[in-house]
Amino acid sequence: MTKICVIGLGYIGLPTSGIFAQAGYDVHGVDVNPDVVETLNKGEIHIEEPGLPEVVKQAVQAGKIKADTKPVEADVFIIAVPTPVYEDHSANVTYVEQATESILPYVKKGDTIIVESTIPPRTIYDNVAPILTKAGWDLENDDLYLSHCPERVIPGKIMTELIENTRIVGGYTETAAAKAADVYRLVVKGDIHETTALTAEMAKLMENTFRDVNIALANELAKIAEKLDVNAHDVIHLANMHPRVNLHHPGPGVGGHCIAVDPYFIIEKAKDVTPLMQAAREINDSMPDFVVEQVDKLTENISNPKVAVLGLTYKGNVDDVRESPAIDIVFQLINSNKDYQVFCQDPYVKEKQVPLKLNSLEEALDNADVALVLADHNHYKEMDTALFEEYMKTPIVFDTRNCLPEAKGGTTIYPIGNLSGLKAIER
């Protein structure tokens, strides 16, 4: 193997390209966005990920990474394009199909084709393989080695986890799985497990569905706690002392292009036998409504209230706003009949990423009636809570991430899951 062609230079494709280039392999990156291609060829990156800028810069300078809007001949093709969902939550695998079609003029007998994109069960068999067989390739007899190797990393730690995490490689055939596994052994230190493509598809989806279901349990507990006036965090702390219990913690909802999406890929294939997965999705999707209800309670007596929103990403210390519940919450407030003034601040997000005006922390807090923490960035975990009293009209904070340090002065912080005493602000 001498050359790797990576289709899609996003949150997974670009770090994957960097890891292989860092290991000394020639990588050709492909993206439909010419700005992404131009940025990469200058040795720069268009996403935030610790450790990635240095790797890309060195690889480009060494001539190990080049990018274009079209593929080239290679020994290994890695498809890492998005799989968005339609309004009915069914998967849109068009990008995966288009990426597969795009490499047809460049593949040769004996090449390895790996789909890393998260996909519904049977996508390799029902969508990807037919494109290759229609082009004349005999996959059953290993003209090409087709496999699915789902990514299993978390933003903020991608460069470490790409190397250290266990990988699952699901082959169209056993030989295809072995060939793809050999590709990852070039850079991966974690264990590599070979299986079928369908099993690999399901394993990836169940990993994130497991988390979604357990987060839903914690979020439902937060709603129960508000109704019964009990501290959910005390409940979780004590319950988790049991050796076989590990309750998660509540939040404003579930985001990112994994946990918030992957369960739907299973549901669409087996809707009649997935009531638990569907209920979990409904609970987690309802949390933005719950958050807005609490803000409505706090501002019941205030006309045209100002809300300072701290954090727009779906998790802390990343710039990823995909499926972020924070964005949903912001637009619910903006479109409310209460005429909210919503001022948003996020140290990681750029205005080109969101259809919102961004403000400094001081601008957001200045004369605000309520502050709403929606992302657990270290900036907020380490902030001086005296700033709330210094800048806000009423230093009342609803911390949906339970991440702020102890309140100082006259500041009142209501953590999600412990809303005891929450009442309308009096003026």
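1. With respect to the overall build of the chain
Consideration 1: In terms of helices and strands, the chain carries 15 helices and 13 strands.
Consideration 2: The C-alpha radius of gyration of the chain comes to 24 Å, within 12% of the 22 Å expected for a compact globule of 427 residues.
Consideration 3: Based on the C-alpha atoms only, the size of the chain along its principal axes is roughly 75 × 50 × 40 Å.
Consideration 4: Across the 427 residues in the chain, those meeting the buried criterion constitute 54%.
Consideration 5: Long-range pairs, those at least 24 residues apart, make up 72% of the contacts in the chain with a sequence separation of at least 6.

2. A word on the sheet that holds strand S11 (residues 370-373)
Consideration 1: With parallel pairing, five strands are arranged side by side in an open sheet as S10-S9-S11-S12-S13. Both edges of this open sheet fall to strand S10 (341-345) and strand S13 (412-415), since each of them pairs with a single strand only. Strand-to-strand twist of the sheet, defined as the mean angle between neighbouring strand axes without regard to direction, takes the value 20°.
Consideration 2: Sheet topology places S11 next to strand S12 (residues 396-399); three bridges connect them, and they run parallel. Counterpart to alanine 371 in the pairing with S12 is valine 397.
Consideration 3: Together, strand S9 (306-310), S11, S12 and S13 form the strand contacts of helix H11 (residues 275-298), whose direction differs from that of S12 by roughly 170°.
Consideration 4: Where helix H12 (residues 325-334) meets the sheet, its contacts fall on S9, S10 and S11, and the angle it forms with S10 comes to roughly 155°.

3. What to know about the nonpolar core
Consideration 1: If you look at the biggest cluster of nonpolar residues, it comprises 40 residues, and the most contacted ones within it are Phe20, Leu40 and Ile114.
Consideration 2: Counting residues per element, the ones that place at least two in this core are strand S1 (3-7), helix H1 (13-22), helix H2 (34-41), helix H3 (52-61), strand S3 (65-68), strand S4 (76-79), helix H6 (158-164) and helix H7 (174-184).
Consideration 3: Excluding its chain neighbours within four sequence positions, the residues that come into contact with phenylalanine 20 are Ile4, Tyr25, Val27, Ile78, Val183 and Val187.
Consideration 4: Counting residues in hydrophobic clusters, the runner-up holds 33 residues, among them Val291, Tyr340, Cys344 and Tyr414.

4. What about H2?
Consideration 1: Val36, Val37, Thr39 and Leu40 are the residues of H2 that are buried. Along the axis of H2, the buried positions cluster into a sector of 165°, meaning they face one direction only. Away from its buried face by more than 90 degrees, H2 exposes Pro34 and Asp35.
Consideration 2: Contacts made by the buried residues of H2 are with H1, H3 and S3.
Consideration 3: The opening residue of H2, the one whose side-chain oxygen lies 2.9 Å from the backbone nitrogen of aspartate 35, is asparagine 33.
Consideration 4: Positive phi appears at glycine 43, one or two residues downstream of H2, with a value of about 80°.

5. Let's talk about the sheet that holds S4
Consideration 1: If you walk across this open sheet you meet the eight strands as S3-S2-S1-S4-S5-S6-S7-S8, and the pairing is mixed. Only two strands of the sheet have a single partner each, and these edge strands are S3 and strand S8 (192-196). With direction set aside, neighbouring strand axes in the sheet form an average angle of 25°.
Consideration 2: Pairing analysis gives four bridges linking strand S5 (residues 112-115) to strand S6 (residues 145-148), with the strands arranged parallel. Paired with valine 115 across the two strands is histidine 148, which belongs to S6.

6. Comments concerning empty space enclosed by the protein
Consideration 1: In total, this model carries one cavity of 30 Å³ or more according to the counting rule given.
Consideration 2: The space that makes up the largest cavity amounts to roughly 50 Å³.
Consideration 3: Contributing to the lining of the largest cavity are Thr16, Ile19, Phe20, Glu116, Leu162, Arg167, Tyr184, Val187 and Val188.
Consideration 4: Sorting elements by how many residues they give to the lining of the largest cavity places H1 first, with three residues.

7. Quick word on the pairing of S5
Consideration 1: Side-chain alternation along S5 places Thr112 and Ile114 on one buried face and Ile113 and Val115 on a second face that is also buried.
Consideration 2: Both S4 and S5 contribute to a ladder of four bridges, which runs parallel. Its bridge partner lying in S5, phenylalanine 77 is registered against isoleucine 113.
Consideration 3: Tracing the backbone out of S4, into helix H4 (residues 94-103) and back to the parallel element S5 gives a crossover that is right-handed.

What counts and what doesn't
- Residues numbered from 1 in each chain as written.
- Predicted model: local features only at pLDDT ≥ 70, side-chain atom pairs only at ≥ 80, totals over all residues.
- Heavy atoms only, no water.
- Helix = DSSP H or I, 4+ residues; strand = E, 2+ residues; numbered from the N terminus.
- Rg over C-alpha atoms; globule rule 2.2 N^0.38 Å.
- Buried < 20%, exposed > 50% of the residue type's maximum accessible area, 1.4 Å probe, protein only.
- Contact = heavy atoms within 4.5 Å.
- Pairing = 2+ DSSP bridges.
- Axes fitted to C-alpha atoms, helices over the stretch in contact; angles between N-to-C directions.
- Core = buried A, V, L, I, M, F, W, Y, C linked by side-chain atoms within 4.5 Å.
- Arc of directions from axis to C-beta.
- Polar contact = N/O pair within 3.5 Å; in protein donor to acceptor, adjacent residues only side chain to side chain.
- 1 Å grid on protein atoms, 1.4 Å probe; cavity = no way out; pocket = protein on both sides within 12 Å on 5 of 7 lines; lining within 4 Å.
- Points joined across faces, edges and corners; volume = space filled by probe spheres on them.
- Right-handed = clockwise from strand over helix to strand, strands pointing away.

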